[in-house]
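Structural description and commentary
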Amino acid sequence: MANLSLRSIYKKYPGGVVAVSDFNLEIRDREFIIFVGPSGCGKSTTLRMIAGLEEISEGELYIGDRLVNDIAPRDRDIAMVFQNYALYPHMTVFENMAFGLKLRKVPKDEITRKVEEAARILDISHLLDRKPKALSGGQRQRVALGRAIVREPQVFLLDEPLSNLDAKLRAQMRTEISKLHKKLGTTFIYVTHDQTEAMTMGDRIVVMKDGFVQQVDSPQNLYENPCNQFVAGFMGSPQMNFIDGYLRKIDGKYNVEFGWNERKQSGKKYYVEIPESKGGEEVLEEYVDKEIIIGIRPENIHDEEMFISAAKTGIIDAEVEITELMGAETYLYLSVEGISLTARVSPRSTARPQDTIKVALDPNKIHIFDKETEKTIVN
């Protein structure tokens with residue numbers, strides 16, 4: 001078992017392209033950590049540097065107490081599971097899983113024991129004589145995992161392993177990989193661009209953008225306390241709503257104002273009072289009468305009469321553009337003074353396209369961001 005330490009890691013390519021900048025992270029032994037971010041953010045490059053498949057331009061990488069910058073991939077005691085499974089088509093499942101052990105001159109009876117044990121854990125014992133072309137996508141992914149398990153590595157690296165699977169199988173395999181992590185008690189580092197995978201699987205999540213780490217935290221903290229607008233928008237589906245507005249101080253209380261278009265001198269002014277429980281008075285004072293960005297998640301926009309009648313501020317008139325019944329919930333796509341909002345409401349909602357309805361924004365769930373830097377002012 002091993003902890004990892006990435007210290008001021010950079011990846012620079014010829015021509016001045018910097019793929020990863022000043023990456024610092026301490027990964028605990030047996031932790032399940034997830035790198036998440038949009039395509040091109042540097043997450044797979046970072047994983048490949050840990051694997052030794054990419055050279056580290058600057059910085060130090062430790063696995064346990066050992067500096068591994070110049071150590072060959074095969075000597076790092078890690079196993080990698082790729083997006084495309086990378087199985088040998090001419091070999092059976094057993095031969096694919098045993099291949100790495102054969103190269104290491106492991107005795108035959110030990111290879112058989114390890115392969116059969118891994119196959120039992122992954123429920124693919126009945127597939128050991130088949131070739132990859134006779135397997136489904138989910139079965140191939142299990143074989144790729146099995147090939148990694150038999151090596152008993154200190155660290156598992158998984159690079160978007162579920163992206164080629166259909167939605168139902170992806171959800172099933174998410175659960176299987178989480179169970180596998182608990183069963184093996186090994187450090188897992190998992191790369192994905194799917195924030196649902198990140199939220200449901202990881203002990204901690206590393207959110208990346210343009211080669212920089214934006215925030216490292218637990219799934220719940222990332223969701224509730226994003227450090228900037230990018231993290232707030234990336235985590236959560238449907239994503240957080242963002243509204244341009246102003247911070248005002250009315251009768252000694254801080255309010256966010258939106259709807260009214262200052263330049264066009266048109267629209268209706270809406271206010272949401274910021275509860276004192278949110279704190280941040282000293283910071284908020286600096287932003288009074290300045291432009292800010294308001295963030296609110298779809299589940300915190302309510303159309304129920306009970307919520308609207310209890311609300312003191314934040315009640316707005318919205319035109320329903322589209323409704324999507326998702327079974328357990330309904331998404332309402334709304335327009336408010338030219339601002340597009342998404343609300344996640346009860347499936348019993350009676351709202352229909354072209355209706356004008358009242359909705360209330362939950363003031364306790366408002367986020368406020370600096371318009372220039374996009375950093376969080378108040379969560």
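Here goes a summary of the coordinates provided. The shown structure was predicted, so the numbers you read here are calculated from the model rather than taken from an experiment.

It is worth spelling out the overall build of the protein chain at this point. Helix and strand content of the protein chain: 10 helices and 21 strands. Overall size of the protein chain, expressed as C-alpha extent along the three principal axes, is 80 × 45 × 40 Å. Of all 379 residues assigned to the protein chain, the portion counted as buried reaches 50%. Taking the intrachain contacts of the protein chain between residues at least 6 apart in sequence as the baseline, contacts between residues at least 24 apart amount to 66%. For the protein chain, the computed accessible surface area is about 18400 Å², with 47% contributed by carbon and sulfur atoms. Here the protein chain carries 50 positive and 57 negative side-chain charges, and the mean point of each set is 7 Å from the other.

Before going further, it helps to examine the pairing of strand β18 (residues 339-345). With five of seven residues buried, β18 is to be regarded as a mostly interior element. Counted along the chain from strand β17 (residues 330-336) to the antiparallel partner β18, the turn is two residues long, and its residue glutamate 337 has a positive phi close to 50 degrees.

In a beta sheet, neighbouring strands are held together by backbone hydrogen bonds and run either parallel or antiparallel to one another. Strand order across the open sheet formed by four strands is β2-β1-β4-β5, with antiparallel pairing between neighbours. Because the sheet does not close on itself, it has two edges, and the strands there are β2 (17-27) and β5 (66-67). Together, β1 (4-13), β2 and β4 (58-63) form the strand contacts of helix α1 (residues 43-51), whose direction differs from that of β1 by roughly 115 degrees.

Right, let's talk about unusual backbone geometry for a bit. Cis geometry marks the peptide bond from serine 237 to proline 238; its omega dihedral reads -5 degrees. Relative to the helices and strands, proline 238 is located in the loop between α8 (229-234) and β11 (241-250). Even without being a glycine, aspartate 22 presents a positive backbone phi close to 45 degrees. Along the polypeptide, aspartate 22 turns up in strand β2. Its identity as a non-glycine residue notwithstanding, aspartate 289 has a phi of 70 degrees, on the positive side. Tracing the sequence through the fold places aspartate 289 in the loop between α9 (281-286) and β14 (291-296).

Packing of helix α2 (residues 93-103) against helix α3 (residues 108-122) leaves a shortest axis separation of 10 Å and a crossing angle of 135 degrees. Comparing their axes, α3 and α2 come out oblique. Crossing angle aside, the handedness with which α2 passes α3 is right-handed. Here α2 contributes Phe94, Met97, Ala98, Leu101 and Lys102 to the contact with α3, which in turn contributes Ile111, Thr112, Lys114, Val115, Ala118 and Ala119. Residues of the contact of α2 with α3, tallied by class, amount to eight nonpolar, one polar and two charged.

What follows deals with helix α4 (residues 137-149). When the terminal C-alpha atoms of α4 are compared, their 18 Å separation across 13 residues agrees well with the 18 Å that a helix rising 1.5 Å per residue should span. Burial of α4 is extensive: 10 of the 13 residues sit out of reach of the surface. Those residues of α4 lying buried are Gly138, Gln141, Arg142, Val143, Ala144, Leu145, Gly146, Arg147, Ala148 and Ile149. If you follow the buried residues of α4, they end up packed against β6 (78-81), α2, α3, β7 (155-159) and α5 (167-184).

This paragraph deals with the pairing of strand β3 (residues 32-36). β3 sits mainly inside the fold: five of its five residues count as buried. Side-chain alternation along β3 places Phe32, Ile34 and Val36 on one buried face and Ile33 and Phe35 on a second face that is also buried. Two elements, β3 and strand β9 (residues 204-209), share four bridges in a ladder whose sense is parallel. Following the sheet pairing, phenylalanine 35 is matched in β9 by valine 206.

This paragraph deals with the packing of α4 against α5. Contact pair α4 / α5: the axes reach a minimum separation of 11 Å and the direction vectors enclose 15 degrees. Classed by the angle they form, the pair α4 and α5 counts as roughly parallel. Seen from above, α4 lies across α5 with right-handed handedness. On α5, the residues that touch Gly137, Gly138, Gln141, Arg142, Leu145 and Ile149 of α4 are Leu169, Gln172, Met173, Glu176, Ile177, Leu180 and Leu184. Of the residues belonging to the contact of α4 with α5, the class tally is seven nonpolar, four polar and two charged.

Thresholds, definitions, all that
Residues numbered from 1 in each chain as written. Predicted model: local features only at pLDDT ≥ 70, side-chain atom pairs only at ≥ 80, totals over all residues. Heavy atoms only, no water. Helix = DSSP H or I, 4+ residues; strand = E, 2+ residues; numbered from the N terminus. Buried < 20%, exposed > 50% of the residue type's maximum accessible area, 1.4 Å probe, protein only. Contact = heavy atoms within 4.5 Å. Areas by Shrake-Rupley, 256 points an atom, 1.4 Å probe, with all protein chains shown as cover. Lys, Arg positive; Asp, Glu negative; His and termini not counted. Charge placed at Lys NZ, Arg CZ, Asp CG, Glu CD. Pairing = 2+ DSSP bridges. Axes fitted to C-alpha atoms, helices over the stretch in contact; angles between N-to-C directions. Parallel < 35°, antiparallel > 145°, perpendicular 65-115°, else oblique. Left-handed = near helix turned anticlockwise from the far one by under 90°. Nonpolar A, V, L, I, M, F, W, Y, C, P; charged D, E, K, R; others polar. Expected span 1.5 Å × (residues − 1).

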